[in-house]
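# Structural description and commentary
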Amino acid sequence: MRKLREDMQSRRRVFSSVMRLFLRWFRLCPRRGRSRTARKLRELWSYSRLLLRSLYFNSLTNSDVITDSLFEPIFWVVDHLTRWFGLVFVCLVVVLTSSILCIAYLCILPMVIHTYSPAWIMWHICYGHWNLVMIVFHYYKATKTSPGCPPQMKRDIPAVSVCKRCIVPKPARTHHCGICNTCILKMDHHCPWLNNCVGHFNHRYFFCFCLSMTLGCIYCSISGRNMFIDAYNAIEHFKSLDVEKQGVPVTGAGLLMRILPLGSMTGQSYYQTPQPPFTFKERMFHKSIIYMWVLTSTVALALGGLTVWHAVLISRGETSIERLINSKEIRRMKKRGKVFRNPFNHGKLNNWKVFFGVEKRSHWLTRVLLPSGHAPCGDGLTWDLSPQRKIIMAI
Ligand SMILES: [Zn+2]
Ligand SMILES: [Zn+2]
């Protein structure tokens, strides 16, 4: 009896163990799958959150960083378009300048020679050609001269920060150009009209090109002003004649007047028919003068504004990028009751001397008024700071 009970108990234990195992297997199999999916989902979620946070996490995050991040896709598109269309812009400058040059030689110069006194003719020829040489030389040098990059191999350069894109030490006044995809020494801006960055080694060429092009446009605009007024009046007169011609009534006689030569209607011979007021050559001449005057006046205004702005920046010892940074710094310091001083400002005249590389008086003629290929002051890595402030800033 006792043995039977023990036997029953052991069987029940075995059965219950088997059942428990079966149930556990039955329950665990789907749970393992579910838990794996849930774990994967949880990992994916936390990874996405980490990615999202890493995009905007910065101990120095402010509204500018967020705005930059938001506009990053637009900057990317603009950078790529500027890079792709760089050559198109350069070709446009060459074609437009050449067209103005052709008109100046074919239309304005003959007028000057036939109208002005020998002294004025000499002045026009000398000034016009000096201006032309300055434009061509500085444009060529500005496009072909490298603005300067920090040395890639040297690690012991005096740096104020590290470029996040190039991962190289960044000297003072150096900035990364997204279009050139490299760091540029004393970067001013990327100029699409040059298809090049404006930096330490070609800043002077860029400014001299802007100045000489503005002067050239003002010269063409002033020299061709009277010719423009005459050409405009002539074109308007021609248009009014055209309207009068088109205004002939469409009657039998009117149609006949259009079909038959005018002489046959009035009893004149064919050879006595009045000539049209302007020949094709004259019309082209007038249109060329109008085109030249409108283009040079527009460029003189637009480029003149840009040149004046750059002249103001050079007088302050700043680049375009530094102007933005410094104006923020001025506001920040003002809130603290302090005055910001630009460490690279040596005073107006000295800034111009440093910019043009003027070391003695004769350099104003040989290095400023005449085309000169001399290198700028300094290597673009280290800077002479103004005595007002010797603490170098990470700008
Ligand atoms: Zn860089
Ligand atoms: Zn660039």
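The structure presented is a predicted model; accordingly, all values stated were derived computationally and were not measured. Each chain has its residues counted from 1, running along the sequence as written. A letter from A marks each chain and a number from 1 marks each ligand, given out in the order of writing. Confidence filtering applies because this is a predicted model: local features only for residues at pLDDT of at least 70, side-chain atom pairs given and counted only at 80 or more, and all residues used for totals across whole chains, interfaces and linings.

Moving on: the overall build of the chain. Along the backbone of the chain there are 11 helices and six strands. Note on contacts: each residue gets a C-beta atom placed from the backbone, and two residues are in contact if those atoms are within 7 Å. Contacts in the chain between residues at least 24 apart in sequence constitute 63% of all its contacts with a sequence separation of at least 6. The secondary structure listing takes helices from DSSP runs of H or I that are at least 4 residues long and strands from runs of E that are at least 2 residues long, numbered from the N terminus.

With 16 residues, helix 9 (residues 320–335) extends 24 Å between its outermost C-alpha atoms, agreeing within 8% with the 22 Å of an ideal straight helix rising 1.5 Å per residue. Downstream of helix 9 by one or two residues, Gly337 has phi in the positive range, about 80°. Here, expected helix span is obtained from the residue count minus one, scaled by 1.5 Å.

Before going further, it helps to examine the nonpolar core. Defined on buried residues, the nonpolar core groups Ala, Val, Leu, Ile, Met, Phe, Trp, Tyr and Cys residues joined through C-beta atoms within 7 Å. Here exposure depends only on C-beta density: within 10 Å of a residue's C-beta, 20 or more other C-beta atoms make it buried, 12 or fewer make it exposed, and intermediate numbers make it partly exposed, the C-beta atoms being placed from the backbone. Membership of the largest hydrophobic core comes to 39 residues, with the highest contact counts inside it found for Ile184, Phe206 and Phe209. For this core, the secondary structure elements donating two or more residues are helix 2 (63–115), helix 3 (118–144), strand 4 (182–184), strand 6 (196–198), helix 4 (203–223), helix 5 (225–246) and helix 8 (280–316). The element best represented in this core is helix 4, accounting for nine residues. Beyond its immediate chain neighbours, meaning those up to four positions away, Phe206 contacts Ala142, Cys191, Leu194 and Val198.

Strands were regarded as paired on the criterion that DSSP finds at least two bridges between them. Looking at chain direction, strand 1 (residues 159–162) and strand 2 (residues 169–171) are connected through three bridges and run antiparallel. Across the sheet, Ala159 pairs through a bridge with Pro171, a residue of strand 2. Counted along the chain from strand 1 to the antiparallel partner strand 2, the turn is six residues long, and its residue Ile167 has a positive phi close to 55°.

Before going further, it helps to spend a moment on unusual backbone geometry. Unusually for a residue other than glycine, Arg173 sits at a positive phi of about 70°. Along the chain, Arg173 falls in the loop between strand 2 and strand 3 (175–177). Unusually for a residue other than glycine, Asn181 sits at a positive phi of about 60°. Following the sequence through the fold, Asn181 ends up in the loop between strand 3 and strand 4. A tally of 11 C-beta atoms within 10 Å means that Asn181 is categorised as exposed.

Here we take up the UniProt feature "transmembrane region" (unreviewed entry) in the chain. Annotation from UniProt places "transmembrane region" (unreviewed entry) at residues 87–108, 120–140, 203–222 and 290–312. From the first C-alpha to the last, residues 203–222 spans 29 Å; its make-up is 100% helix and 0% strand. Helix makes up 100% of residues 290–312 and strand 0%, with an end-to-end C-alpha separation of 33 Å. UniProt positions are given in the numbering used here, feature names are shortened, and annotations may be inferred rather than shown by experiment.

Turning next to helix 4. Taking 1.5 Å of rise per residue, the 21 residues of helix 4 would be expected to cover 30 Å, and the 30 Å separating its terminal C-alpha atoms lies within 8% of that figure. Counting buried residues along helix 4, 16 of its 21 residues qualify, which places the element largely inside the surrounding structure.

Another aspect to go through is the packing of helix 3 against helix 4. In the contact formed by helix 3 and helix 4, the axes pass within 8 Å of each other and the chain directions differ by 145°. The hand of the helix 3/helix 4 crossing is left-handed. Within the contact between the two elements, helix 3 uses Tyr127, Gly128, Asn131, Met134, Ile135, His138, Tyr139, Lys141 and Ala142 and helix 4 uses Tyr205, Phe206, Cys208, Phe209, Ser212, Met213, Leu215, Gly216 and Tyr219. When grouped by side-chain class, the residues that make up the contact of helix 3 with helix 4 number 12 nonpolar, five polar and one charged. Helix axes use the C-alpha atoms of the stretch in contact, all axes being lines fitted to C-alpha atoms, and the angles between their N-to-C directions lie in the range 0 to 180 degrees. In this scheme the crossing of two helices becomes right-handed for a clockwise turn of the near helix relative to the far one and left-handed for an anticlockwise turn of less than a right angle. We call Asp, Glu, Lys and Arg charged. Ala, Val, Leu, Ile, Met, Phe, Trp, Tyr, Cys and Pro are nonpolar, and the rest, Gly among them, are polar.

With respect to the helices and strands, Gly86 occurs in helix 2. The buried category is assigned to Gly86, around which 20 C-beta atoms lie within 10 Å. Residues within four places of Gly86 in sequence aside, it is in contact with Pro192 and Asn195.

Looking at any residue, its pLDDT shows the predictor's confidence there, from 0 to 100. Summarising the model, the chain shows a mean pLDDT of 82, and 81% of its residues fall at 70 or more. In the model of the chain, helix 6 (residues 252–259) stands out as the element of lowest mean pLDDT, 40, in contrast to helix 4, which has the highest, 96. Low pLDDT, under 50, characterises residues 247–270; the predicted model gives this stretch 16 contacts beyond four residues in sequence or across chains. Low confidence marks residues 390–395, where pLDDT is under 50. Its contacts with residues over four positions away, or in another chain, come to 12 contacts.

A few words on the environment of Ile235. Take Ile235: it is sitting in helix 5. Along the primary structure Ile235 and His286 are separated by 51 residues, whereas in three dimensions their C-alpha atoms are 7.1 Å apart. With residues near it in sequence (within four places) discarded, Ile235 still touches His286 and Ile290.

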